[in-house]
Amino acid sequence: MPKVSTCLWFGKDIEAAVGLYVSLVPDSRIDHVQRSPGPWPGGEAGDALLVAFTLGGQSFQALNGGTTANYGTAASISVACADQDEVDRLWTALIADGGAEIMCGWLRDRWGVPWQIVPTILPRLLADPDPAVARRVFSAMQGMIKLDIAALERAAAG
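These figures come from a predicted structure and were not determined experimentally.

*Asks:* Please clarify how the nonpolar core should be interpreted in this entry.
*Replies:* Buried together is how nonpolar side chains tend to be arranged in soluble globular proteins. Counting residues in each nonpolar core, the largest one holds 27 residues, and the members touching the most others are Phe-10, Tyr-21, Phe-53, Trp-115 and Ile-117. Where this core is concerned, the elements lending two or more residues are β1 (6-10), α1 (14-24), β3 (48-55), β4 (58-64), β5 (77-81), α2 (84-95) and β8 (114-119). By residue number, the principal contributor to this core is α1, which donates six residues. Counting 14 residues, the second-largest nonpolar core is a separate cluster that includes Val-118, Val-137, Met-144 and Leu-147.

Given below as structure tokens:
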């Protein structure tokens, strides 16, 4: 087990959540499932209590806490996407079955976990040496829900 790992709190269905997450992001896997040896306030013997997993090369844990968590937006899982197809694929999968769009590339999955689905071109455009380009891209991004690479590039071009 790594020394530092982000732990996500779920009500009871960590295996479904983690299974979805690792299926969507390359370089991801389930590393270990710790099952309950007996009944607990949120479930029965044999239920998954903690799942250690790797998401995009980063260490995570998921905990079945018996009650759902309110994540707010102070922390999120951010995924850098190479192209619009990847943005669209992740976006569609993560908002399915009760997820919700937020704004500027942010969404919540059906478990309430906040995500940022960000094309890799965005930071480069926002750091353009021409401040007018960066301003136009920033303004365009602020009007988007799911980020649109072609629209960001059009904004950069003026």
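*Asks:* How should the packing of aromatic side chains be read in this particular structure?
*Replies:* Pairs of aromatic rings are described using the distance from one ring centre to the other and the angle between the two planes. Taken as a whole and judged by the stated rule, the model has five aromatic pairs. Note on Tyr-21 and Trp-115: the rings are 5.0 Å apart at their centroids and 75 degrees apart in plane angle, and the pair reads as edge-to-face. Remark: Trp-115 occurs in strand β8 and Tyr-21 occurs in helix α1; sequence separation between them is 94 residues. Just as Tyr-21 is buried, Trp-115 falls in that class too. A ring pair is formed by Phe-53 and Phe-60, whose centres lie 5.5 Å apart and whose planes are at 20 degrees; its orientation type is stacked. Exposure class is identical for Phe-53 and Phe-60. Each is buried. Chaining the aromatic ring pairs together yields one cluster made of Phe-10, Tyr-21, Trp-111 and Trp-115.

*Asks:* Looking at this structure, I do not really get the side chain of Thr-54. What am I missing?
*Replies:* Along the chain, Thr-54 falls in strand β3. Its relative accessible area of 7% is what places Thr-54 among the buried residues. A distance of 2.7 Å separates a polar atom in the side chain of Thr-54 from a polar atom in the side chain of Asp-31. Residue contacts for Thr-54: discarding those within four places in its chain leaves Val-22, Asp-27, Ser-28, Arg-29 and Asp-31.

*Asks:* Would you mind showing me how to read unusual backbone geometry here?
*Replies:* For residues that are not glycine, phi is negative in most cases, and the peptide bond is trans in most cases. Located in the positive-phi region is Asp-27, a residue other than glycine, with phi close to 60 degrees. By secondary structure assignment, the location of Asp-27 is in the loop between α1 and β2 (29-35). In this model, Asp-97 sits at a positive phi of 60 degrees, which is unusual for a non-glycine residue. Looking at the secondary structure, you find Asp-97 in the loop between α2 and β6 (100-101).

*Asks:* How should I be thinking about the environment of Leu-90 in this particular structure?
*Replies:* Among the structural elements, Leu-90 can be located in helix α2. The sequence separation of Leu-90 and Phe-60 amounts to 30 residues, and the corresponding C-alpha distance is 19 Å. Those residues in contact with Leu-90 that lie beyond four places of it in its chain are Leu-24, Val-79, Cys-81 and Ile-117.

*Asks:* Looking at this model, I keep getting lost on the packing of α1 against α2. Mind explaining?
*Replies:* In contact at an axis separation of 11 Å, α1 and α2 are set at 170 degrees when each is read in the N-to-C sense. The angle between α1 and α2 places the two elements in the roughly antiparallel class. Contacts from Leu-20, Tyr-21 and Leu-24 of α1 reach α2 at Arg-89, Leu-90, Ala-93 and Leu-94. Here the contact of α1 with α2 is composed, by residue class, of six nonpolar, no polar and one charged.

*Asks:* So what exactly am I meant to see when it comes to the sheet that holds β5 here?
*Replies:* Strand pairing in a sheet takes place through backbone hydrogen bonds and is either antiparallel or parallel in direction. Reading across from one edge, β5-β8-β7-β6 is the order of the four strands in this open sheet, with mixed pairing throughout. Strands at the two margins of the open sheet, each flanked by one partner only, are β5 and β6. Taken together, the two bridges between β6 and strand β7 (residues 106-108) define a ladder with antiparallel strand orientation. Its bridge partner lying in β7, Glu-101 is registered against Leu-107.

What counts, and at which threshold
- Residues numbered from 1 in each chain as written.
- Predicted model: local features only at pLDDT ≥ 70, side-chain atom pairs only at ≥ 80, totals over all residues.
- Heavy atoms only, no water.
- Core = buried A, V, L, I, M, F, W, Y, C linked by side-chain atoms within 4.5 Å.
- Buried < 20%, exposed > 50% of the residue type's maximum accessible area, 1.4 Å probe, protein only.
- Helix = DSSP H or I, 4+ residues; strand = E, 2+ residues; numbered from the N terminus.
- Phe/Tyr/Trp six-rings, centres within 6.5 Å; stacked < 30°, edge-to-face > 60°.
- Polar contact = N/O pair within 3.5 Å; in protein donor to acceptor, adjacent residues only side chain to side chain.
- Contact = heavy atoms within 4.5 Å.
- Axes fitted to C-alpha atoms, helices over the stretch in contact; angles between N-to-C directions.
- Parallel < 35°, antiparallel > 145°, perpendicular 65-115°, else oblique.
- Nonpolar A, V, L, I, M, F, W, Y, C, P; charged D, E, K, R; others polar.
- Pairing = 2+ DSSP bridges.

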